[in-house]
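Commentary on secondary and tertiary structure
Residues per chain, in single letters:
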Amino acid sequence: MCGIVGYLGPAKAAPVLLSELRCLEYRGYDSAGVAIIQDGELSVLKAAGKLNNLEKLITDNKPTATVGIGHTRWATHGVPNDQNAHPHLDASKTIAVVHNGIIENYEELKDELIKDGYAFESDTDTEVIAHLISKVYETEKDMLKAIFKTVGLLRGAYALGVVSQKHPDKIYAINQHYSLSVGLGNNESFLASDSMAVRQYTNKVVRLEQSEIAEITKEGVRLFAFDGKEVKRRPMSLDSNPYVIDKGGYKHFLLKEIHEQPLVLRQTLAKYLVHPTKPVSFIPHITPNSNGAATNNEEENQLSKSYGVHLTEMELKGIDRIQVVACGTAYHASLVGKLIIEQLCNLPVSVDIASEIRGRRLMVNESSLTIAVSQSGETADTLAALEEAKKLGSFTLGITNRPDSHLSQITPNLIVTECGIEVSVAATKTYLAQLTSFYLLGIYLAEARGAITTEHARKLKSDLNAIPTLLEQILAKENEIRLASLKYADAHDVVFIGRGFNYPTALEGALKLKELSYIHASGYAAGELKHGPIAVLDSKVPVVTVLVPGVVYEKTLSNAQEARARNAQMIAVAVEGDEQAARTFDTVLSIPAVDEFFSPLLTVVPMQLMSYFIADYLGKDVDQPRNLAKSVTVE
Ligand code: AGP
């Protein structure tokens, strides 16, 4: 939810911190700040609002310090303003802390500190940590001991960066249930919540695991468990291409990422589906680095081992139910995944919103497979739900776009999508890649369990391989979709409906419109409209219907006609040449003919484009919508 960075070395720290923060702005952009130590003096520059406000402060102050930490915030405690912006200082103004996560017992700790005479300047839980470290340091006179003792007092999930004026040659990092990486350069070191932020400087990183503390110097890093024992860990090499944040000529990252979808599908399919006559394999035969070359680098191969699905055929055959946990868009992809696996494998699949699982009896055991779907691999609710399933003995599997995420650390089975970094906060290409992963997983399970014939498997794989070209046909009609969409830009309420494989598509379409344009939108099972939601329909309400040939076509069309009878504005996502659709709807966003089973891979794209064009027309911040963040690491 927030981004933490750090730097120490020969260069000026502030520009490096800013550049690292630029890579993490997707995690939250309510405010940003840096703490730097210059000529033995700790100073803080911070501002509410976007990173540009901090950049102006740095430009105006021209700090020459060569050590510092930085933070970009998604507010949890305290409104986004200057005094709640991180870093936060202790009373002596000699220790600065940046924080991601929530300290669940901060109020009782704060009350104790106030009783001891400490004054607070912010409404944040973070400030409590700065005072605690300082208070303990007064007796211990040793920063590591002060930090060990402080973390012993904290409850919750958090990641911290700490600098002390008394130790200007060190940065301390603390990880409890989050992700933090230390980048190792030549006589310089870096810290970041997401290793992507250090790739521009080095591809050698050491990840902090759970309940670990790092003491970082220019020469390297020492790791300690919370019990004080030192931990040895070899650096990992990230893929060789430093991450470049580049819109590639598009107006927004979102539009670029919508257009990347055919390539993303081709890359994900190529990785796991060598040929329609070959079985789906989730252990890549090569470990392509980012420029596609196979490597036999031991570290990368070690990384690739965590990529695969390592369940034996016996285990796969013994699974008698599947539980999927996810949030938001990933939850919608999981609803499609349920239908895919049930249809191909005749295996019951439950899908739950991860935050709803918490505190509920999870119906899994040793013959269950629990799947966590998360593009960031950092969503706290999803990770916690998977941990619950592990405790009950379930097999686990992750589907993520980030093999260097927390999710990859907590499950032995991982399907990694090939999207590249998705910069825009709204998920598009990662949604399609999650769907693709479920199609591949469904075929993989069906083949392993003998649930489908060889011929059926071959047909499925060949149909799947045809999807990227069909996507390109939709994207080629972008301008037509733009003009059709803008007719509805002044709507205040929009309803999306779909049935069967496209009920989740309706949910995803509504979410995209909401999070991009801030227009209220709701997605419903088409058959549910008449059970209440139809009351909201009138001539001011557009209704978007997903209508594809298949077992639910006629009924979906009837539901749409019920909406038309209430004078709703009628939009359809329908197959080219569908004459009934042309007669029934005011606007048809057409897709190429496709089997209903695979249609979710196509039907969502016109909705993505519709939401994008309306949001852009309304002047919204398309890549960083208000109140959102790319990875939701608080519960
Ligand atoms: C998607 O457009 C949203 N930004 C959000 O719903 C997102 O899908 C959700 O927070 C889950 O994120 P994850 O895939 O990283 O777990």
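Higher on the page you've got the structure.
Residues numbered from 1 in each chain as written. Predicted model: local features only at pLDDT ≥ 70, side-chain atom pairs only at ≥ 80, totals over all residues. Heavy atoms only, no water.

Quick look at the pairing of strand 21 (residues 493–498)
Of all 6 residues in strand 21, 5 are buried, a share of seventy percent or more. For the crossover that starts at strand 21, traverses helix 17 (residues 503–517) and ends in the parallel strand 22 (residues 520–525), the hand is right-handed. Where strand 21 and strand 23 (residues 542–547) come together, 3 bridges link them in parallel fashion. Of the residues in strand 23, the one forming a bridge with F496 is V544. (Buried < 20%, exposed > 50% of the residue type's maximum accessible area, 1.4 Å probe, protein only. Helix = DSSP H or I, 4+ residues; strand = E, 2+ residues; numbered from the N terminus. Right-handed = clockwise from strand over helix to strand, strands pointing away. Pairing = 2+ DSSP bridges.)

Some thoughts on the packing of aromatic side chains
Throughout the structure, instances matching the rule amount to 10 aromatic pairs. For the pair Y7 and F190, a centre-to-centre distance of 5.3 Å together with 50° between the ring planes defines the contact as tilted. Residue Y7 is found in strand 1 (residues 3–8), and its partner F190 is found in strand 10 (residues 189–192); the two are separated by 183 residues along the sequence. Residue F190 is classed as buried on the basis of its relative accessible area, which comes to 1%. An aromatic cluster of at least three residues, connected via ring pairs, comprises Y439, F501, F597 and F598. (Phe/Tyr/Trp six-rings, centres within 6.5 Å; stacked < 30°, edge-to-face > 60°.)

Considerations on the site of the ligand
Not every one of the 15 residues close to the ligand is listed here, only the nearest: S374, Q375, S376, T379 and E515. The side chain of K512 places a nitrogen or oxygen atom 3.0 Å from an oxygen atom of the ligand. Between the ligand and E515 there is a distance of 2.4 Å, counted from an oxygen atom to a side-chain nitrogen or oxygen. The cavity where the ligand resides is the second largest pocket. Secondary-structure elements contributing two or more residues to the shell around the ligand are helix 10 (328–345) and helix 17. Taken together, the residues of the shell around the ligand break down into 7 nonpolar, 6 polar and 2 charged. (Near = heavy atom within 4 Å. Polar contact = N/O pair within 3.5 Å; in protein donor to acceptor, adjacent residues only side chain to side chain. 1 Å grid on protein atoms, 1.4 Å probe; cavity = no way out; pocket = protein on both sides within 12 Å on 5 of 7 lines; lining within 4 Å. Sits in = over half its atoms within 2 Å of the grid points. Nonpolar A, V, L, I, M, F, W, Y, C, P; charged D, E, K, R; others polar.)

A look at the sheet that holds strand 6 (residues 95–103)
Pairing within the open sheet is antiparallel, and its 7 strands lie in the order 5-6-7-8-12-13-14. Because the sheet does not close on itself, it has two edges, and the strands there are strand 5 (88–89) and strand 14 (230–231). Inspection of the sheet shows strand 13 (residues 220–225) paired to strand 14 by 2 bridges, in the antiparallel sense. Residue pairing across strands places L223 opposite V231, the latter belonging to strand 14. Strands in contact with helix 4 (residues 126–140) are strand 5, strand 6 and strand 7 (156–164); relative to strand 6, the strand with the most contacts, it is inclined by about 130°. (Contact = heavy atoms within 4.5 Å. Axes fitted to C-alpha atoms, helices over the stretch in contact; angles between N-to-C directions.)

These results come straight from atomic positions and should not be treated as a statement about function.
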